[in-house]
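Residues per chain are reported as follows:
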Amino acid sequence: MSNGFVHSVKVPRLYKIASKIVQDVQENGASLKSLVFSKKHPNVSGLYALTLNTLQKTDQLNQLIIETKILTNEPRLDPWLARVLITELIWGKQKLTAGAKPVDTVLAYESSLRNGLKNINISDMDIPRKKVIKPRYVRVNTLLLSIDDAIRNFQNEGWSLLSEYTDYSSYLKLLSNLSDPYFTQDYHIPELLVFPPGTSFFNYASYKLGEIILQDKASCLPSYLLNPPIGSVVLDMCAAPGMKTSHLAAILKNQGKIYAVEIEKRRYQTLCEKLAETNSYCAAAINNDALSLDQKLCPDVEYILVDPSCSGSGMIDRPKIGNRDGIYESERLKNLQAFQVFLLRHALLNFPSVKRVVYSTCSINREENEDVIDEVLSNIGNAYKLVSIKKLLKKDWINYSSEDSNCKKKCIYARPEVDLCNGFFVAVFKRNVDVPLPTYTPRTHNTYKETGLRSIDEKQEDSQEINEDLDLNKTSSKKKKKRKKKKRADNDVEKQEIDDNDKDIAIVPTESTKRKGNINSDDTLKKKLKT
Ligand SMILES: C[S@@+](CC[C@H](N)C(=O)[O-])C[C@H]1O[C@@H](n2cnc3c(N)ncnc32)[C@H](O)[C@@H]1O
């Protein structure tokens, strides 16, 4: 702590690191998972649980801080550390080891915190999500291992393959009863294997080697449906952490080119690591804003994946993080929708050689799905056709887009309680080459900022660099192995438990969030909470 405490006993490192992570997530919109792993703490799962719990309790913490006046009475108490300690004391282990000054300070408030808890309004907090137990999805990285070999390996490990289903309903029934030692192959995506919920893969050699990837079905369908032919040129507009990019590389058999664009520097680093780990060497990572991407950096694009930031409302395990920054859900959705429309329109109208575009979200909100497609349909005329995914899949599916939208039933939804995977939405556009593309003026970076989505753009502008030529081929295999080994060791056992959750919490920081860490004025916060 930098604010004046003289420590007789040090604050446990776990709490200190957790407070820095919570601050970074709240203020800068950083990815919780990436931060947790980057700290290389020996107790990754404990650190993840504590930081997640603290973030999920944002609303309650804000109210407790007001009720108890802990931060106004104790100006030297670091507000982020206070949040972590309070969370541990009230909702976590329910105890703290005394000795360090900040810990003692929080302990001194224990009874007022517990009393305060009775007074806070929790009516709209912690609304329990319907608990869906989803199976464990494992995508075979066909760049490194064939599906047959993967199945054989699992069988050698004692697993038994079940394939007694005839249609989607019987498959789902099988899935809902799946238990050790049985696994099955996904009904739609052959490279996706499905195991009982909670199956652990950390000690499997194939996991350590990047031959299998823990990836939910929701995250596999977009690349599967884009289905670029071998040798084609693909643009992945929102690529980090790289789950879909690596899947696309596998579909291309590494023959062709993928431009994988990511705006955030830190997430771009994760993307580069994922591409190396999965041997996706046909993909070049580009750290840039896809909306202002210079065409020269990605010539002759034929297939585009638009998988933009979204509310993540379909994610089963997604934490509910309260009104972190004073932006309420409807405004947040409006901002996201504006951004999603711009991005999709940019994809559809600004790449003259494009043949197919897939739009996907892990949201189950109409605003981010049918409404986005409807708006874009009104801009593109007959230059594209919205494809019926039912026909593309050639297999039955259950949930489609709404009949009362212009999507009709052409796009698909996955509903966790029905499809036993994360909720998601996918739309597929096919170019009609007989109709010229309507004129389109690409947006500038400034206009993008106006969506209010990212107030951290300024920082990114400084650090943006283009790395179109990430030549993974040139990395010696020895170096690659060494890097892989080191990374695996760092990430530890618990990594896999949260690895398949490829969508990050959509945090949209604003100036107000940045200030909120230091709530020394009860009035300011009260006002904010009332708004
Ligand atoms: C939903 S995630 C993508 C997940 C990714 N497709 C995967 O499967 O691993 C959205 C990503 O888009 C990035 N992003 C948001 N706006 C962007 C922009 N204008 N240009 C490029 N990337 C952007 C976000 O930082 C985030 O990493």
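Residues numbered from 1 in each chain as written. Predicted model: local features only at pLDDT ≥ 70, side-chain atom pairs only at ≥ 80, totals over all residues. Heavy atoms only, no water.

**Focus: the site of the ligand**
The immediate surroundings of the ligand are formed by 23 residues, with Glu262, Arg267, Asp289, Ala290 and Asp307 found nearest. Alanine 290 is positioned with one of its backbone polar atoms (N or O) 2.8 Å from a nitrogen atom of the ligand. The protein chains hide 97% of the 600 Å² of surface that the ligand would expose on its own. Class assignment of the residues belonging to the shell around the ligand gives a composition of eleven nonpolar, three polar and nine charged. (Near = heavy atom within 4 Å. Polar contact = N/O pair within 3.5 Å; in protein donor to acceptor, adjacent residues only side chain to side chain. Areas by Shrake-Rupley, 256 points an atom, 1.4 Å probe, with all protein chains shown as cover. Nonpolar A, V, L, I, M, F, W, Y, C, P; charged D, E, K, R; others polar.)

**Brief notes about a positive patch on the surface**
A contiguous patch of positive charge on the surface is contributed by Lys385, Lys391, Lys410 and Lys430. Along the chain, lysine 430 turns up in strand β13 (residues 424-431). Relative accessible area serves as the criterion here: at 43%, lysine 430 is assigned to the partly exposed category. (Patch = residues over 30% accessible without salt bridge, like charges linked within 9 Å, V, L, I, M, F, W, Y side chains within 5 Å. Salt bridge = Lys/Arg side-chain N within 4 Å of Asp/Glu carboxyl O. Lys, Arg positive; Asp, Glu negative; His and termini not counted. Charge placed at Lys NZ, Arg CZ, Asp CG, Glu CD. Helix = DSSP H or I, 4+ residues; strand = E, 2+ residues; numbered from the N terminus. Buried < 20%, exposed > 50% of the residue type's maximum accessible area, 1.4 Å probe, protein only.)

**Topic: the UniProt feature "active site" (unreviewed entry) in the chain**
Within the UniProt annotation, "active site" (unreviewed entry) is assigned to Cys362. Here cysteine 362 lies in the loop between β10 (356-361) and α16 (370-380). For cysteine 362, a relative accessible area of 3% gives the class buried. (UniProt positions renumbered as here; feature names shortened; annotations may be inferred.)

**Comments concerning the packing of aromatic side chains**
Enumeration over the complete set of coordinates arrives at 18 aromatic pairs. Ring centres of tyrosine 168 and tyrosine 187 lie 5.5 Å apart, and the angle between their planes is 20°; on these two criteria the pair is classed as stacked. Of this pair, tyrosine 168 sits in helix α10 (residues 168-176) while tyrosine 187 sits in the loop between β3 (182-185) and β4 (192-195), and the two are 19 residues apart along the sequence. Of the two residues, tyrosine 168 and tyrosine 187, neither departs from the other in class, the shared state being buried. For the ring pair tyrosine 384 and phenylalanine 429, a centre distance of 6.4 Å and an interplane angle of 85° mean the geometry is edge-to-face. Here phenylalanine 429 lies in strand β13 and tyrosine 384 lies in strand β11 (residues 384-386), a separation of 45 residues in the sequence. Considered together, tyrosine 384 and phenylalanine 429 belong to a single accessibility category, that of buried residues. When the ring centre of tyrosine 187 is taken as origin, the NZ or CZ atom of lysine 395, which lies over that ring, is 4.4 Å away. Cation over ring: arginine 415 sits above tyrosine 413, and NZ or CZ is 4.2 Å from the ring centre. (Phe/Tyr/Trp six-rings, centres within 6.5 Å; stacked < 30°, edge-to-face > 60°. Lys NZ or Arg CZ within 6 Å of the ring centre and 35° of its normal.)

**What about helix α4 (residues 58-68)?**
Counting buried positions over the eleven residues of α4 gives ten, a clear majority of the element. Within the sequence span of α4, burial applies to Thr58, Asp59, Gln60, Leu61, Asn62, Gln63, Leu64, Ile65, Ile66 and Thr68. Note on α4: the residue one or two positions beyond its end, lysine 69, has a positive phi of about 55°.

**Overview of α10**
Listing the buried residues of α10 in full gives Tyr168, Tyr171, Leu172, Leu174 and Leu175. Down the axis of α10, the buried side of the element spans an arc of 160°, and every buried residue falls inside it. Buried residues along α10 sit in contact with β1 (136-140), β2 (160-162), β3, β4, α12 (217-226) and α18 (416-419). (Arc of directions from axis to C-beta. Contact = heavy atoms within 4.5 Å.)

**What about the pairing of β1?**
Looking down a regular strand, the side chains alternate between one sheet face and the other. Judged by how many residues are buried, β1 sits mostly within the fold: five of five residues are covered. Alternating residues of β1 divide into Arg136, Val138 and Val140 and Tyr137 and Arg139, and every residue in both groups is buried. Relative to β4, β1 runs antiparallel, the two sharing four bridges. The residue of β4 that forms the bridge with arginine 136 is phenylalanine 195. Pairing geometry for β1 and strand β5 (residues 212-214), over three bridges, is antiparallel. Residue pairing in the sheet places valine 140 in a bridge with isoleucine 212 of β5. (Pairing = 2+ DSSP bridges.)

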